Amino acid sequence: MIGLLAFGLSLIPRAAQSNVIEHIEPTASEVSIQMLARVPHLTAKEADALDYLADDLARSIEGYGKIDVMTVTNGDPVRVVVGPDYVRVSFHVLPNNWRAGLGLMEAIARHSSLQPSDHPLGVSMSAWTCALRPFVPSHPPRVDDTKELYERLFRPENLTIGVGGPIMPGKAQADWANRMSEWQVPRLLPAAKNEPDPKWLTSNIGGLSTLELAGPVFPAHDPTLATKVLSLFALGSGKGASLFRIARQKLVYSYRQEALLYPVTDGWQSRLILVMKPVGDLPAKAETLRGALADDINAWSDKDLERALGMADAVLARGVEFSPFAFGPFGSMESSLEGRTFLDTYWQLKTGQPWDANNLLVQMRQVSLADLKAASLAVVQGAKVRILPG
Amino acid sequence: MLSALAFLIATQVPIEQPARLRKMLPNGALVLVERVPHAKSLIVDLFVSSRGTEETPETHGRRHLLEHLVALGPDGQLDSRLESGGAFLRARTLRGSTAYEMSFPPTSLKLALAALKDLVAAPTIDEAGIAREASLIDQEGALRDMDAHASEAAWDKAFGPVGLDPFGSMDILQRTTTANMVELRNRAFSADNLLIVVSGDVELDGTINAVTDVVGLLPVAKPDKGPTAAKPKSVVVHQGAGEYRGVPVPGFRSPLTAATLAAALAVAVEANRGTVIYTPSARPGLVLLGDAEGKLDDAINHANPATLFKLGRVMAIRWVQARMAEPAEQAAFRGMLMVDERDLKPETMLENLDALKFSDFQAALQEFKTAGHDGGSPR
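Quick caveat, the model's predicted, so the values are computed rather than measured.

What counts, and where the lines are drawn
Residues numbered from 1 in each chain as written. Chains lettered and ligands numbered in written order. Predicted model: local features only at pLDDT ≥ 70, side-chain atom pairs only at ≥ 80, totals over all residues. Heavy atoms only, no water. Pairing = 2+ DSSP bridges. Helix = DSSP H or I, 4+ residues; strand = E, 2+ residues; numbered from the N terminus. Axes fitted to C-alpha atoms, helices over the stretch in contact; angles between N-to-C directions. Expected span 1.5 Å × (residues − 1). Buried < 20%, exposed > 50% of the residue type's maximum accessible area, 1.4 Å probe, protein only. Contact = heavy atoms within 4.5 Å. Buried area = accessible area lost by both parts, 1.4 Å probe. Salt bridge = Lys/Arg side-chain N within 4 Å of Asp/Glu carboxyl O. Polar contact = N/O pair within 3.5 Å; in protein donor to acceptor, adjacent residues only side chain to side chain. Nonpolar A, V, L, I, M, F, W, Y, C, P; charged D, E, K, R; others polar. Phe/Tyr/Trp six-rings, centres within 6.5 Å; stacked < 30°, edge-to-face > 60°. Lys NZ or Arg CZ within 6 Å of the ring centre and 35° of its normal. Parallel < 35°, antiparallel > 145°, perpendicular 65-115°, else oblique.

S.K.: I would appreciate a short explanation of the sheet that holds strand 7 (residues 256-264) of chain A in the present structure.
M.R.: Neighbouring strands of a sheet are bound in pairs by backbone hydrogen bonds; such pairs are parallel or else antiparallel. All names here are of chain A. Ordered by their spatial adjacency, four strands build an open sheet running 7-8-6-9, and the pairing between neighbours is antiparallel. Strands with a single pairing partner mark the edges of an open sheet, and in this sheet they are strand 7 and strand 9 (384-388). Going from strand to strand, the sheet's axes swing by 25° on average, the running direction of each strand aside. In this structure, strand 6 (residues 209-218) lies alongside strand 8 (residues 267-276), joined through eight bridges in antiparallel fashion. Following the sheet pairing, Phe218 is matched in strand 8 by Trp268.

This is the structure we're talking about:
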């Protein structure tokens, strides 16, 4: 008994050190397993390699044929996506198969053959994706560049694992810590110097125009985060939000318009984005929108505050769609086990703190109408205009 | 006293309510209530069948336009009311039905019933509203991706005018009048076209009665016989470098549909950038298999059929189960089947997949292999 207890205790410090976030949902029928590799600021060459790395990562894994992978995941294809500041690998497994799932994830992190596709990636991007990541798309990298980036990103200290579903607390943490303890990684080569940064797009290659009011950047630990997030709910979440009423229903500029909390290297940025048919004087439209939004904000009443709180509650407490959190590769979060597990995992990766929806909601309920207006005006009036004509 | 209390507790055995209850109202409207203990949200979905209002070249897109107008509520303020109460509405138009899907806080049945009442009430329809929403649909159309365009082209090729995409034609929408829309709305919202699905931590009988109070007296419109489809054929369409093969299926209830979906899902994994599009419906439809690299032949011919069979069945089961993992998705899934056929349910496909034979799977695989050759084989 004493021996067992000592063994159990000896695992705790290792588990506490591991970057494994456990999201427990006892009634879920599957377990979501995810791996996030943090992506630092990239040079143009590294940025080129990143999309190809994501495309090649799960195509061929040493020790796993396609059927082996599908056997582990019960038929759920492995997804690899590039987010604003991470690469995410995700799949589901049946609850009794979580250990095999972590084994597959370890193999992807350590033993991908990075087999390139016979057909290189096209440059087809949606207009929305172009607006979110407005950089000139990748050119085919050298195989060595992709391999070098793989080794730079996929190393134990750079990975955060998310495991969500009907799991026993601590088990996944201990299992992953054990796997990582046996992984000896080579020393990192020094970062390249004098390499150019990725080039910004000058037009939207998705075929449509995008118009953006890009608000100021603020730190991940900003003490007024609750006010700033509530302002995004007021501006952009739902059909009673200012953007929907002004940009869509009144000005008839766009069908899709969102106010987003977007991750950047230095923290977060509030971004108001519209995607529209490429017609008209876009800079003039941007200023008309800015003015109309400012007028609308100045006219907000307690009803608008109440609506924003209602939407925040629906999204954060109940997982309704239309979250302003643009942490996923294509925009807002999913209302699924995978989405919830990702949010827990990403928040920890980004802020170093556990995701706590209730605490954020409590703080939002303290926000006054005057503070909400001031925060929203700061976004709209302080925003830089970014236009990508289609 | 204590022993008496203990006896009382022991004899008060809770009567288990069924998890789900369905009721057909005298006017033909159907109500399904599902009890989900401790549900985080109350889901109330309204489905309006397209029976009698199917797309024709002359009306193409008016159902979509109607969806936009109805979702605003009679006073245009429905969204604001919902969102202030922590609720949300989203609407979508499919070939078989239009869905108005709403999510509420778990104890907001009163707000939900008020919103349902707004949706089934006569909307405000005027020329200005039609013009505004038509412009927005034009903007919406610009956002449609390669898969959506491929699907539209494949349906057109396989089914002809009967397969018109519900998104619509801007030409038609720009020529649409208030009278057109009022007439369409009255036919579409015939009580026997309506299905209401409620899912949440609710009491079944009481909820059915409350919904009955809202929709039980709605009128029934004179039925209009829908168009008859010619026998569809399997087709191939191209979008950029991508290739899509569409195989017609009889409907969600058929084992043939299960086999075709399983085959498509398995091949999509073999393809490097594979995709499968299928909208569950009791009506004849299309399972569309695409590959952005245009190399479907490689994926179909090089894989071992026995391996694909195992893979496809597991993936198709997961495809069904994934749509039932969250209460909101499950309510929408059940609704879109039940509005077509009143006893159709997701479990039907699971049963078909359980009984799936290798020979049926191989036949479905063959359909994808030969799709588009000599005009495809009628199914």
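S.K.: Explain helix 8 (residues 225-236) of chain A to me, please; I cannot follow it from the model alone.
M.R.: Given 3.6 residues per helical turn, the α-helix brings residues three or four places apart onto the same face. Residue and element names in this part refer to chain A. Given a rise of 1.5 Å per residue, twelve residues ought to cover 16 Å, and the 16 Å separating the end C-alpha atoms of helix 8 matches this to within 8%. Most of helix 8 is tucked away, with eleven of its twelve residues classed as buried. For helix 8, the complete set of buried residues consists of Leu225, Ala226, Thr227, Val229, Leu230, Ser231, Leu232, Phe233, Ala234, Leu235 and Gly236. Just downstream of helix 8, Gly238 is the residue with a positive phi angle, here 95°.

S.K.: How should I be thinking about the interface of chain B and chain A in this particular structure?
M.R.: By a widely used convention, the size of an interface equals the accessible area lost when the partners come together. With 39 residues of chain B at the contact, the number on the chain A side is 48 residues. Buried surface at the junction of chain B and chain A, both sides included, amounts to about 3600 Å², of which 53% is carbon and sulfur. Area buried by chain B at its contact with chain A is led by Phe88, Gln139 and Arg318 of chain B, which between them contribute 18% of it. Linking chain B with chain A are eight salt bridges. Measuring nitrogen to oxygen at the nearest pair gives 3.4 Å for the salt bridge that ties Asp76 of chain A to Arg318 of chain B. Joining chain B to chain A, the criterion identifies 22 residue pairs in polar contact (both at pLDDT 80 or more). Counting residues per element, the side of chain B that touches chain A draws most heavily on helix 5 (residues 127-142) of chain B, which supplies eight residues. Among the residues making up the side of chain B that touches chain A, the classes are represented as 14 nonpolar, ten polar and 15 charged.

S.K.: For this particular structure, what's the right way to read the pairing of strand 7 of chain A?
M.R.: Regular strands place their side chains on alternate faces of the sheet. Residue and element names in this part refer to chain A. In terms of residue burial, strand 7 counts as a mostly covered element, since eight of its nine residues are buried. Here nine bridges tie strand 7 to strand 8, and the two strands are oriented antiparallel to one another. Paired with Pro263 across the two strands is Trp268, which belongs to strand 8. Hairpin remark: strand 7 followed by strand 8, antiparallel, with two residues in the connecting loop.

S.K.: Would you explain unusual backbone geometry in this entry?
M.R.: When glycine is set aside, most residues are seen to have a negative phi, and most peptide bonds are trans. Phi is positive for Asn74 of chain A, close to 55°, though the residue is something other than glycine. Tracing the sequence through the fold places Asn74 of chain A in the loop between helix 3 (66-73) and strand 3 (79-82). One non-glycine residue, His38 of chain B, adopts positive backbone phi at about 65°. Within the secondary structure, His38 of chain B sits in the loop between strand 2 (30-35) and strand 3 (42-49).

S.K.: Would you mind showing me how to read the packing of aromatic side chains here?
M.R.: Note on aromatic pairs: each is described by the distance of the centres and the angle between the planes. With the rule as written, the count across this model stands at 20 aromatic pairs over all chains. Their ring planes at 65° and their centres at 4.9 Å tell us that Trp347 of chain A and Trp355 of chain A sit as a pair that is edge-to-face. In this pair, the class of Trp347 of chain A matches that of Trp355 of chain A, namely buried. Site record: aromatic cluster; members linked through ring pairs are Tyr86, Trp268, Phe325, Phe327, Phe342, Tyr346, Trp347 and Trp355 of chain A. Across the ring face of Trp128 of chain A, the terminal group of Arg256 of chain A is positioned such that the distance to the ring centre comes to 3.8 Å. For Arg95 of chain B, the ring lying beneath its charged end belongs to Trp155 of chain B, and the centroid distance is 3.6 Å.

S.K.: Honestly, the pattern of salt bridges in this entry has me stumped. Any pointers?
M.R.: Oppositely charged side chains may form a pair once their charged atoms are brought near each other. Residue and element names in this part refer to chain A. For the coordinates displayed, the defined rule picks out 54 salt bridges over all chains. A salt bridge links Glu106 to Arg179; the nearest nitrogen and oxygen atoms lie 2.9 Å apart. Of this pair, Glu106 sits in helix 4 (residues 98-111) while Arg179 is found in helix 7 (residues 171-181), placing the two residues 73 residues apart along the sequence. Each member of the pair, Glu106 as well as Arg179, carries the same accessibility label: buried. Of the charged contacts, one joins Arg271 and Glu212 as a salt bridge, the two residues approaching to 2.6 Å between their closest N and O atoms. Highlighted residues: Arg271 in strand 8 and Glu212 in strand 6, separated in sequence by 59 residues.

S.K.: Whenever I open this one, the environment of Gly312 of chain B confuses me. Can you help?
M.R.: Residue and element names in this part refer to chain B. In this fold, Gly312 is placed in helix 12 (residues 305-322). Given a relative accessible area of 0%, Gly312 falls into the buried group. Gly312 sits 50 residues away from Ala262 along the chain, and the two C-alpha atoms are 4.3 Å apart.

S.K.: Any chance you could explain the packing of helix 10 (residues 282-298) of chain A against helix 14 (residues 369-381) of chain A here in plain terms?
M.R.: A pair of packed helices is captured by two measures, namely the crossing angle of their axes and the spacing between those axes. Residues and elements named next belong to chain A. The interhelical angle for the contact between helix 10 and helix 14, taken along N-to-C directions, is 175°, at an axis separation of 10 Å. One way to sum up the angle between helix 10 and helix 14 is to call them roughly antiparallel. Across from Arg290, Leu293, Ala294, Ile297 and Asn298 in helix 10, the residues of helix 14 making contact are Lys373, Ser376, Leu377, Val380 and Gln381. Of the residues contributing to the contact of helix 10 with helix 14, the split by class is five nonpolar, three polar and two charged.

S.K.: Is there a simple way to explain the sheet that holds strand 4 (residues 88-93) of chain B in this structure?
M.R.: Residues and elements named next belong to chain B. Taken in spatial order, the six strands make up an open sheet running 1-2-6-3-5-4, and their pairing is mixed. The outermost strands of the open sheet, each flanked by one partner alone, are strand 1 (20-24) and strand 4. Going from strand to strand, the sheet's axes swing by 10° on average, the running direction of each strand aside. As paired strands, strand 3 and strand 6 (residues 194-200) are joined by six bridges and run antiparallel to one another.

S.K.: Would you mind going over the environment of Glu151 of chain A with me for this structure?
M.R.: Residue and element names in this part refer to chain A. Note that Glu151 resides in helix 6 (residues 143-153). On the basis of relative accessible area, Glu151 is assigned to the partly exposed category, the value being 37%. Sequence-wise, Glu151 and Arg187 are 36 residues apart; in three dimensions their C-alpha atoms are separated by 9.7 Å.

S.K.: What's the story with the pairing of strand 4 (residues 86-93) of chain A in this structure? I'm lost.
M.R.: Residue and element names in this part refer to chain A. Burial of strand 4 is extensive: eight of the eight residues sit out of reach of the surface. Burial along strand 4 is two-sided: the residues Tyr86, Arg88, Ser90 and His92 and Val87, Val89, Phe91 and Val93 are all buried. Pairing geometry for strand 2 (residues 31-38) and strand 4, over eight bridges, is antiparallel. Following the sheet pairing, Arg38 is matched in strand 4 by Tyr86. Here four bridges tie strand 3 to strand 4, and the two strands are oriented antiparallel to one another. By the bridge assignment, Val82 is partnered in strand 4 with Val87. Here strand 3 folds back onto strand 4 in antiparallel fashion, the turn holding three residues.

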